[in-house]
Amino acid sequence: MNKKVQCPCCGEMCDWEGNPFRPFCKKLCRDKDLGNWATEGYRLEANEENPSELDFLKKKPPNDEK
Ligand SMILES: [Zn+2]
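Residues numbered from 1 in each chain as written. Predicted model: local features only at pLDDT ≥ 70, side-chain atom pairs only at ≥ 80, totals over all residues.

Some details on the overall build of the protein chain
Okay, step 1: When you go through the protein chain residue by residue, the secondary structure sums to two helices and two strands.
Okay, step 2: Of the regular secondary structure in the protein chain, the N- to C-terminal order runs β-β-α-α.
Okay, step 3: Per-residue burial over the protein chain gives 3% buried out of 66 residues.
Okay, step 4: Of the contacts made within the protein chain by residues no fewer than 6 positions apart, 5% connect residues no fewer than 24 positions apart. (Helix = DSSP H or I, 4+ residues; strand = E, 2+ residues; numbered from the N terminus. Buried ≥ 20, exposed ≤ 12 C-beta atoms within 10 Å, placed from the backbone. Contact = placed C-beta atoms within 7 Å.)

Focus on the environment of Phe24
Okay, step 1: Its place among the elements puts Phe24 in the loop between strand 2 (13–15) and helix 1 (27–49).
Okay, step 2: Expressed as a C-alpha distance, the spacing of Phe24 and Cys7, which sit 17 residues apart in the sequence, is 4.5 Å.
Okay, step 3: Ignoring any residue separated from it by four or fewer positions in sequence, one finds Phe24 in contact with Cys7, Pro8, Cys9, Cys29, Arg30 and Asp33.

Now the structure itself:
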């Protein structure tokens, strides 16, 4: 029996058995999802723990004149 699952990334039906990227249909989808996770996680963490540091990164001065 070949179980099928819906890829959470693109919504396509894909094989569950023998699918190394399950529950995603292909590597691209898995990578995309992991990428989203990593980005969101980083953003959330940065916002909650270090808002000033994030601001600092955004407002990096073009020249450091002394
Ligand atoms: Zn997919």
